[in-house]
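In case you want the letters, here they are:
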Amino acid sequence: MEEIKNIQSRWDLAWSLYDEEKYEEAFKVFYQLAEGEGDAKAMYCIANMYYEGKGVKKDLKSAIAFYKKSAKLNFSAAQFDLGKLYFYGDGVEKNMVKAAELFKKAADQGDDEAQCFLGNCYEFGNGVETNIELALKYYTLSAEQGNAEGMSSLGRFYYHGDVVQENMLIAYLLFEKAAENGDVTAATYLGNCYENGYGCSKDLLKAAEWYTKAAENNDEDAQYRLGRLYFYGDGVEQDYLK
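Residues numbered from 1 in each chain as written. Predicted model: local features only at pLDDT ≥ 70, side-chain atom pairs only at ≥ 80, totals over all residues. Heavy atoms only, no water.

**Q** Talk me through the side chain of Thr188; I want residue IDs and the actual numbers.
**A** Relative to the helices and strands, Thr188 is located in helix H11 (residues 184-196). Relative accessible area serves as the criterion here: at 5%, Thr188 is assigned to the buried category. With residues up to four places along the chain from it excluded, the contact list for Thr188 reads Tyr211, Ala214, Asp219, Asp221, Ala222 and Arg225. (Helix = DSSP H or I, 4+ residues; strand = E, 2+ residues; numbered from the N terminus. Buried < 20%, exposed > 50% of the residue type's maximum accessible area, 1.4 Å probe, protein only. Contact = heavy atoms within 4.5 Å.)

**Q** Kindly report on the environment of Ile64, identifying the contributing residues and their values.
**A** Turning to its location among the elements, Ile64 is positioned in helix H4 (residues 60-72). A relative accessible area of 7% means that Ile64 is categorised as buried. Those residues within four positions of Ile64 in sequence are excluded, and the remaining contacts are Leu82, Leu85, Asp90, Gly91 and Val92.

**Q** Now, about unusual backbone geometry: what can you tell me, with residues and values included?
**A** Backbone geometry at Glu21 places phi at a positive 65°, although glycine is not the residue there. By the element assignment, Glu21 lies in the loop between helix H1 (2-19) and helix H2 (23-37). A positive phi angle is found at Asn218, which is not glycine, with a value near 65°. Examined against the element boundaries, Asn218 turns out to sit in the loop between helix H12 (204-215) and helix H13 (220-232). We classify Asn218 as exposed; its relative accessible area is 61%.

Nothing here speaks to function; it is all geometry.
Rendered as structure tokens:
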């Protein structure tokens, strides 16, 4: 019991130092917990600090080593972040198979981001055979936890009706929640819903508002759709220059 209290007090100290931006001191405490106690979460924290260069010189090789150590101990956040490195080829050779395997391990532990990425893998055949039913399953699990990208991806399925029966109301509601949480793709789809009255009342002003938000984040489809509204003066004052 005393040992548990001691470990907890060191955790409290580490987070306190980190929150105070005393990164070098925090790094030392996390390192003691990682190497001395074999703590998977501490290994993950060390990996992040190496990756971001906080409290220590940025070192992608060391970051990957600690992500691997933590992931091997079944820490879901490490599995997901390591999976992303393989997915994008960040510091390691791009390997979609390894990425998908790591995403699945994290997703099956309930990690909403990993569930969304795994859904993407199954939808587009990244590292696994294309399986739309499994894509739907993992997007749904992610969306149910409030993950914006998961809600956006699930919304696409209901919008297009290729995987599930088309339901514009559900699509609209998913896009609305996702867009309000910053998902750019969802903002474009939401603008389209308002422009055409899909799942909601037609509202060109709101369509322009959501297209603008997405366009400001460099979404090309939104930029095109917003430009079209300005060209015809739909919901906005006609402006050929814009």
